[in-house]
Structure formats: C-alpha cells, structure tokens
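If you want the building blocks of each chain, they are given just below.
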Amino acid sequence: DTDGFGLSKLSYGVGIGLRLVLPIGPIRLDGAVNPDRQPGEESWVLHLPPGVEIIDRPLPPGYLLREVEPTDDEAVWTVLEDAFLEWSVREREPFEDFLAETRQRPGFESWNLRLVANEVGTVVAAVVLQMSQAGDEPEGFVDRVAVRRHQRGQGIAQALLADAFRLAREHGAVKCGLSTDSR
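Residues numbered from 1 in each chain as written. Predicted model: local features only at pLDDT ≥ 70, side-chain atom pairs only at ≥ 80, totals over all residues. Heavy atoms only, no water.

1. Overview of the pattern of salt bridges
Then comes step 1: For the structure shown, the criterion picks out 13 salt bridges.
Then comes step 2: R66 is the partner of D72 in a salt bridge, and the nearest nitrogen-oxygen pair spans 2.7 Å.
Then comes step 3: Assessed through its relative accessible area of 11%, D72 is described here as buried.
Then comes step 4: Close ionic contact of D163 with R166 constitutes a salt bridge, the shortest N to O distance being 2.6 Å. One end of the pair is D163 and the other is R166, both in helix α3 (residues 156-170) and three residues apart, which spans about a single turn.
Then comes step 5: Residue class for D163 comes out buried when judged on its relative accessible area of 7%.
Then comes step 6: Residues participating in the shared-partner salt-bridge network are D56, R114, D163, R166 and E170. (Salt bridge = Lys/Arg side-chain N within 4 Å of Asp/Glu carboxyl O. Buried < 20%, exposed > 50% of the residue type's maximum accessible area, 1.4 Å probe, protein only. Helix = DSSP H or I, 4+ residues; strand = E, 2+ residues; numbered from the N terminus.)

This is the structure:
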C-alpha cells in the first residue's frame, strides 16, 4: 500500500449493459453486482453516452449557478466536506488537499469548479468536474457533487449535473459520467 491505496482495497463487480436507440436518443443501461459486498456498501455509476441531449435543469428562484472564484474555495470545500462526512467515516480532508486536487491539479481550468449560491451569496452546493481521456474519447467526470442538507430536494444537484455535463461537452468530452460508493 502506498498513500492508502493498494491492491487489497480493489473490488470487482459482475454486470450487464444494454444500449437502446430511442426516438429521444440513445440510452445506456448498466447493471452490476458486487459478489463480495460488505454490509452498508452501495454504489452505482451513471454514464451519459455520446449523442445524448443534455437538458438544462432550472434552479429554484433566488439561486445562482456560477464558476467558483478563488475567494469561494473555502466555502465550496466546506459544503463538499460537510455533505460527504454525513455518511463517510473518515477525517475531514485538509483544505490544502482540496486545493491540490482542484485548482493546483495539472490541467485544471476554472470551469471545472461550479457552485450554486443563494440570494445572499451563501454557497449551498458545488460540483467538481474533471476531464480525462478514456481510450480515444475525452470524458467529463463528476468527481464530487454536494448540496447542503437543508437545501436538498429542490433540483439544485440536477441543475449542477446538467451544467457540468454541458460544460464538459463544450470542452470536447464525448462521454460524461459520475459514480458513487458509500463505503
């Protein structure tokens, strides 16, 4: 193990995928099972394949979706950490690590960090988007998305995801995706 990562922590799954071409466009359905799932583990992956139209999702009145400015970094980090620490049994990620994984990461561009603020400017949600090369196709991947607990259920995360996927496509991504793992 190096820095907490090692082959002993890898897991596997067995699954099947289905691709359909519908009048609204192609869709992809994937399902998998972890044959060695431990109690409390749940995960899923969302893939947005090439050609699928990304429909904008409106924010509720009084909210604004925008790029994260450097002066917003700590508030964005707090929203992300607070949300992930609701279920994850781990220490709070140091702010410096957050910066190293976002602004200071090679290839980072300002549009990779987006936030939603309320009418008084308080950050209530954020998304971290990364671009990668998946074989021959550039892919936009949502590394993290979070909404403050009391702001959930209003479509804010949907708006952030649609915005992130749209921006990834505008910057050359052929595919987009995100995954979750509740371990």
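2. A word on the pairing of strand β5 (residues 113-117)
Then comes step 1: Here β5 lies mainly inside the structure; five of its five residues are buried.
Then comes step 2: Burial of the side chains of β5 extends over both faces: L113, L115 and A117 are buried on one face and R114 and V116 on the other.

3. Notes on the confidence of the model for the protein chain
Then comes step 1: Per-residue pLDDT for the protein chain has a mean of 80; in total, 71% of the residues score no lower than 70.
Then comes step 2: Here residues 1-10 is a poorly scored stretch, pLDDT under 50, and it has seven contacts once near neighbours within four places are set aside; other chains count. (pLDDT = per-residue confidence, 0-100. Contact = heavy atoms within 4.5 Å.)

4. Some details on the nonpolar core
Then comes step 1: In this structure, V116, A125, V142 and I156 are the most contacted members of the largest nonpolar core, which totals 21 residues.
Then comes step 2: Elements with a minimum of two residues in this core: β6 (123-134), β7 (137-147), α3 and β8 (175-181).
Then comes step 3: Of all the elements, α3 adds the most residues to this core, at eight residues.
Then comes step 4: Not counting chain neighbours up to four residues away, the residues in contact with A125 comprise V79, R114, L115, V116, A146, V147, I156 and L160. (Core = buried A, V, L, I, M, F, W, Y, C linked by side-chain atoms within 4.5 Å.)

5. A word on α3
Then comes step 1: Helix length check: α3 (15 residues) gives 21 Å between terminal C-alpha atoms against 21 Å at 1.5 Å per residue, within 8%.
Then comes step 2: Within α3, burial applies to I156, A159, L160, L161, A162, D163, A164, F165, L167 and A168.
Then comes step 3: Positive phi shows up at G172, right after α3, with a value of about 100°. (Expected span 1.5 Å × (residues − 1).)

6. Looking at the environment of R144
Then comes step 1: Here R144 shows up in strand β7.
Then comes step 2: Residues R144 and L113 lie 31 residues apart in sequence; the distance between their C-alpha atoms is 9.9 Å.
Then comes step 3: For R144, the contacting residues outside a window of four places in its chain are L80, E81, F84, E93, F98, E101, A126, V127 and V128.
Then comes step 4: Polar contacts involving the side chain of R144 include one to the side chain of D143, which spans 3.3 Å. (Polar contact = N/O pair within 3.5 Å; in protein donor to acceptor, adjacent residues only side chain to side chain.)

7. Considerations on the packing of aromatic side chains
Then comes step 1: Here the structure, examined in full by the defined rule, presents two aromatic pairs.
Then comes step 2: Seen in terms of ring centroids, F95 and F98 are 6.3 Å apart; in terms of plane orientation they differ by 25°. Their pairing is stacked. Residue F95 and its partner F98 are both found in helix α2 (residues 95-101); the two are separated by three residues, about one turn of the helix. An identical accessibility class is assigned to F95 and F98; each is buried.
Then comes step 3: Among the aromatic residues, those joined into a ring-pair cluster are W77, F95 and F98.
Then comes step 4: Above the plane of the ring of W77 lies R92, whose end atom (NZ or CZ) is 5.6 Å from the centre. (Phe/Tyr/Trp six-rings, centres within 6.5 Å; stacked < 30°, edge-to-face > 60°. Lys NZ or Arg CZ within 6 Å of the ring centre and 35° of its normal.)

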